[in-house]
Amino acid sequence: MAGQDSFRNLFFEEAEDLLGTLADDIARLKSGERDEEIVHSIFRAVHSIKGSAGAFALKHLVSFAHRFETVLDAVRSDRLALTPDLLRIVERSVDHLSVLTEAARNDRGTDQSTSDAALAVLDACLEGGVDVGSGSTLPMAERVLVFSFAPLALDFDDGEAKPSAQAFTIRFRPHPALYDNGHEPALLIANLAELGSIETDLDLSTLPDWSSPDIIEPAFSWVIRIETSAGLPAVQEVFEFVEGLCELSISEEHAPDALPAPFDTFADAVSADVPFSPVPDPAAARIATMKLTESPPVAPPSPAVAASAPASDGTAPQPTLRVDLDRIERLFNAVGELIINQSMIAQRVDDLQIQFDTDMTAHVESYRLLARDIQEAVMAIRAQPVKPLFQRMSRIVREAAEGTGKQAQIIMLGEATEIDKTVVERLADPLTHMVRNSVDHGLESPEDRRIAGKDPAGTIWLSAAHRSGSVVITIRDDGAGLNREKVLKVAVSKGLVPEGADLSEAEIDNLIFLPGFSTASATSLLSGRGVGLDVVRTAVQALGGRVGITSRPGKGTEFTICLPLTLAVLDGMLISVGGTSMIVPISAVLETIRPLPGDVQQIGPDERLLSIRGRYVPIIDLAEALGFPPAETDDPAMLLLLVETEARGTCALLVNRVHDQRQVVIKGLEGNYGQVAGVSAATVLGDGQIALILDPDGIVAPSYLGKSLAGAQRVAALT
Amino acid sequence: MQDPATSLGEIELVVFCSGGQSFSLDIRYVREIRGQSAITQLPHAPEEVLGVMNLRGAVIPVFDLSSCFGLGPTAADPRNVIMIAMNGARMIGLLVQAVSEIVSIQHSSIQDAPAMLGGPAQSHISGLIPLADGMSRVIDLPALIQRRLPVPA
Amino acid sequence: MAITVLAIDDSRTMRSMVRRALGAAGFICEVAEDGVEGIRRFAELRPDVIITDINMPRMDGFGVIEAIRQDAANRAVPILVLTTETAPEFKARARLAGATGWIVKPFEDQSLVQVVRRVTGSL
């Protein structure tokens, strides 16, 4: 069906929202809140998913949601008590619902055994918890008497393909309630007329005495004769909605030789218990209806909620606009080009030395600020809170804990922190990997933890915050920390680090990000077969960010992901090195230094240290590190750029020139080329030249330099 | 790899020379031909990777075709051009010595390259075509990209 | 003059689908997200027919019907309930509450249009 795809997407988006609401509701229940509105909200969310999923033939999802809904219905009608055990089951069922929804969204199959297990758990709840005493378990249908209309699949054709014209006589007398339900007899008769040719007569015998003052209710009745080849079911269908609100008899005018079979007309089935005579008291008809359907007392529909009652979550819905992501993408790219364009104009104005024309300067500056404003506004459009992503991690933690027999809980902070939508999507995999890693390798078994005097249940902290132009996401666990000895041994055995190399603790920790690194002796199903954390680092770098690690043995490990807030645009320092222009991300730059000869110490043939404010910092010749030919310079003084790196702390990069701060648009290299060690991306400068964007962490990694300066640092520390 | 360009079985090729030898490339791979542009070097790049260039805002890598075939770097010459070639979503630049002509030939006249050509460059060639002044090697662009780029296409 | 339909459902997927099905058939379809909003829109729009979901926050479908039918002047407007249930007791309950008819989810666009036509007499 044309356009069905967009409805499908809409459904999945909505399902995601609903799953988020479910997670919130469960969190509230877990914290002890016992508002019955929460249970209703949970029921509605699952019911809604089931209802909409049905429209897209998502069978697995529908059938699981249906069973889940049945259990929830029992809870909300107080037939099942919400014990901590049941709450846990509800939570895991929501997780499973999440899994099924995701699978359906990506057209993937799911593991049937997991589904069966989840269903079995739900079924067990129902069997155990249903209260038999009140008799409410009996199927309701049995308790409803004749007024209910079980669709009669009357088949007159007996295999005959050709419908033949039949004649029916219909006696129809509406009760007042029929009118009160928005029905209009004229319409019903008109609908009948669509089936064939009809003759309608007012049944004069049933007219009331017009002179009586008690006439307040209409009391007409009709006799209709219809000839139709549509069959009895079609005729009955016309009156489907008004059954119970009228007196109705439909009798077929039989062909002379056919004998009427018992109950082969609708009239017989209905009229057996209902007297076909004017109902004296309309109210009595209503009461009669109510008595005959012995449904448990219907909860009176809640009257209009007091106007001032707020929505239960307290937030008023903001007016929103749905926009195609493509359009945002185009807008995004256009803004990126705008920034470059602005930068080019600024450059040109500079070159032409017009800067002393204060008007021009002011205009160019306005342009820069406006461009920045637009950029921020566009970024805000795509910004989303990390909450749904974190909630997904919550499920991952539960799964991982279950899968490894460990106990883990997750604490989330800063879920309202917003980051660009595409970043959220691209963070999902790396984050999942790291969270699983923390549970799988970081946390100890409950037994080991007990021995260590820790709470047998481990904790994973997931937090997000904005920090001076970046988004910082941390994943911390209170597990055993990295086993540095083991890490070093593995790295050496895989040839990632030369034998006997002396590495600082931070350097050893960062070894786990190297390709090919894995300490899993048995492939851990959870963290992925041999897929190492280098994939995570690559993914984060592709987003223009950095990932680092700190670890304390016995105490735990913390991963830190730093992402630029503005995805496509980076604030950087333009430098020249080896005849090439490069950009160093401002977030890494500490300061520029022109050292005095006495500040530089030569250690060994190739290594130099900078003495600064009582510390020693390694000097790295950037041109040499990058394999660029050394630039010719007539400037005898050294120029150092102090940068902060994850792996090596502070380092000093030897460069030729430091220009100014620029805002640049990040252009990835992966699309057309591939990864380049030491370079995270490229950009086009105002003059059309390409400048590579430096990755300071990549430059200082021991494997990159092929040697370690830790030895020098140690010497320095002793001095 | 070679689909007949037209129902007549004809294909068009750009013929050029690099490292003193004749090469050709199916014109459907060629996006444009540009004069020399500023190229920014990449760190620790192999010999044949000259660096990256700015093509209307896009950052694309430039290869010295002559180096790709082990024929040494291309000597600077005013006739040098960079052919912008595209395979799928990837765009690359190929520095060549000079462009000769564009020919239209029958698909069937492409001959298999004899194995004795040898060397790693063998896999970059999809065949030979006879031209008025000798044979020209037809470049297999997807294979070249596959072999020369750090990440598989 | 085109028939105006008010569709009340807390699922935006459902709202969109109902809107699309009715719009294609020439109806004017307005929407509301829950019962309270539905009542408000009803008063503003005076639609020719209402379609409402049952399970909604703040006020459910039955609440909507009751609130509308309370005013005798509103007894003639057809109200259809959109529901996944097909059980007879549900239908009886709906009828009791004042619903004119029902549409079962998932629905075929044509079925939806037909039911709306039936209760509004439009062709």
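Thresholds applied
Residues numbered from 1 in each chain as written. Chains lettered and ligands numbered in written order. Predicted model: local features only at pLDDT ≥ 70, side-chain atom pairs only at ≥ 80, totals over all residues. Heavy atoms only, no water. Helix = DSSP H or I, 4+ residues; strand = E, 2+ residues; numbered from the N terminus. Buried < 20%, exposed > 50% of the residue type's maximum accessible area, 1.4 Å probe, protein only. Contact = heavy atoms within 4.5 Å. Core = buried A, V, L, I, M, F, W, Y, C linked by side-chain atoms within 4.5 Å. Salt bridge = Lys/Arg side-chain N within 4 Å of Asp/Glu carboxyl O. pLDDT = per-residue confidence, 0-100. Buried area = accessible area lost by both parts, 1.4 Å probe. Polar contact = N/O pair within 3.5 Å; in protein donor to acceptor, adjacent residues only side chain to side chain. Nonpolar A, V, L, I, M, F, W, Y, C, P; charged D, E, K, R; others polar.

(A) Inspection of the overall build of chain B at higher detail. Looking only at helices and strands, chain B has 2 helices and 11 strands in total. The helix and strand sequence of chain B, counted from the amino end, reads β-β-β-β-β-β-α-β-β-β-β-β-α. Per-residue burial for chain B yields a buried fraction of 47% across its 153 residues. Sequence-distant contacts in chain B: of pairs separated by 6 or more residues, those separated by 24 or more amount to 55%.

(B) The nonpolar core, seen in detail. Counting residues in hydrophobic clusters, the biggest one holds 82 residues, and the most contacted among them are A:Leu97, C:Leu22 and C:Ile51. By residue number, the principal contributor to this core is helix α1 (residues 4-30) of chain A, which donates 10 residues. In this structure A:Leu97 touches A:Leu19, A:Leu22, A:Val46, A:Ile49, A:Leu61, A:Phe64, A:Ala65 and A:Phe68, once residues within four positions along its chain are discounted. Of all hydrophobic cores here, the second largest spans 64 residues; its members include A:Met573, A:Val643, B:Phe16 and B:Ile125.

(C) Here's a closer look at the pattern of salt bridges. Inspection of the entire model under this criterion finds 44 salt bridges over all chains. Between C:Asp9 and C:Lys105 there is a salt bridge, with the nearest N and O atoms lying 4.0 Å from each other. Of this pair, C:Asp9 sits in the loop between β1 (4-8) and α1 (12-24) while C:Lys105 sits in the loop between β5 (101-104) and α5 (109-120); the two residues are 96 residues apart in sequence, bridging distant segments of the chain. Under the relative-accessibility criterion, C:Asp9 is labelled buried at 3%. Given a relative accessible area of 8%, C:Lys105 falls into the buried group. The partner of C:Arg40 in a salt bridge is C:Glu37, with the nearest N and O atoms 2.8 Å apart. You can see C:Arg40 and its partner C:Glu37 sitting in helix α2 (residues 35-45), 3 residues apart, about one turn around the helix. Here C:Arg40 falls in the partly exposed class, since its relative accessible area comes to 41%. When salt bridges with common partners are traced through the structure, they connect A:Lys30, A:Glu91, A:Arg92, A:Asp95, A:Arg398 and A:Glu402 into a single cluster.

(D) Up close: the confidence of the model for chain C. Looking at chain C as a whole, the pLDDT averages 88, with 98% of positions reaching at least 70. In the predicted assembly, ipTM is 0.87 and pTM is 0.48.

(E) Structural detail: the interface of chain C and chain A. Counting residues at the interface gives 43 residues for chain C, matched by 49 residues for chain A. Across the interface of chain C and chain A, roughly 3900 Å² is buried in total on both sides, 56% from carbon and sulfur atoms. The largest share of the area that chain C buries against chain A comes from C:Arg12, C:Arg95 and C:Arg118, three residues that together contribute 20% of it. Taken together, the connections running from chain C to chain A amount to 5 salt bridges. In this structure, C:Arg95 engages A:Glu243 in a salt bridge whose closest nitrogen and oxygen atoms are separated by 3.5 Å. Where chain C packs against chain A, one counts 17 residue pairs in polar contact (both at pLDDT 80 or more). When residues of the side of chain C that touches chain A are traced back to their parent elements, those giving at least two are α1, α3 (61-70), α4 (88-97), β5 and α5 of chain C. For the side of chain C that touches chain A, the leading source of residues is α4(C), giving 7 residues. By residue class, the composition of the side of chain C that touches chain A is 19 nonpolar, 11 polar and 13 charged.

(F) Examining the interface of chain A and chain B more closely. With 25 residues of chain A in contact, the opposing surface of chain B contributes 22 residues. Summed over both sides, the interface between chain A and chain B buries roughly 1800 Å², with carbon and sulfur atoms accounting for 62% of that surface. Its largest share of buried area at the contact with chain B, chain A owes to A:Asn672, A:Tyr673 and A:Ile690, together 44% of the area lost on that side. Scanning the region where chain A abuts chain B turns up 0 salt bridges. In this structure, the connection of chain A to chain B is made through 5 residue pairs in polar contact (both at pLDDT 80 or more). Looking at the side of chain A that touches chain B, the elements that each hand over two or more residues are α19 (622-626), β21 (679-684) and β22 (690-694) of chain A.

(G) Examining unusual backbone geometry more closely. Note that the residue after C:Lys105, namely C:Pro106, is joined by a cis bond; omega there is -5°. Secondary-structure assignment places C:Pro106 in the loop between β5 and α5. Notably, A:Arg613 is not glycine yet its phi reads approximately 45°, a positive angle. Turning to its location among the elements, A:Arg613 is positioned in the loop between β16 (607-612) and β17 (615-621). Not every positive phi belongs to a glycine, and B:His44 is a case in point at roughly 50°.

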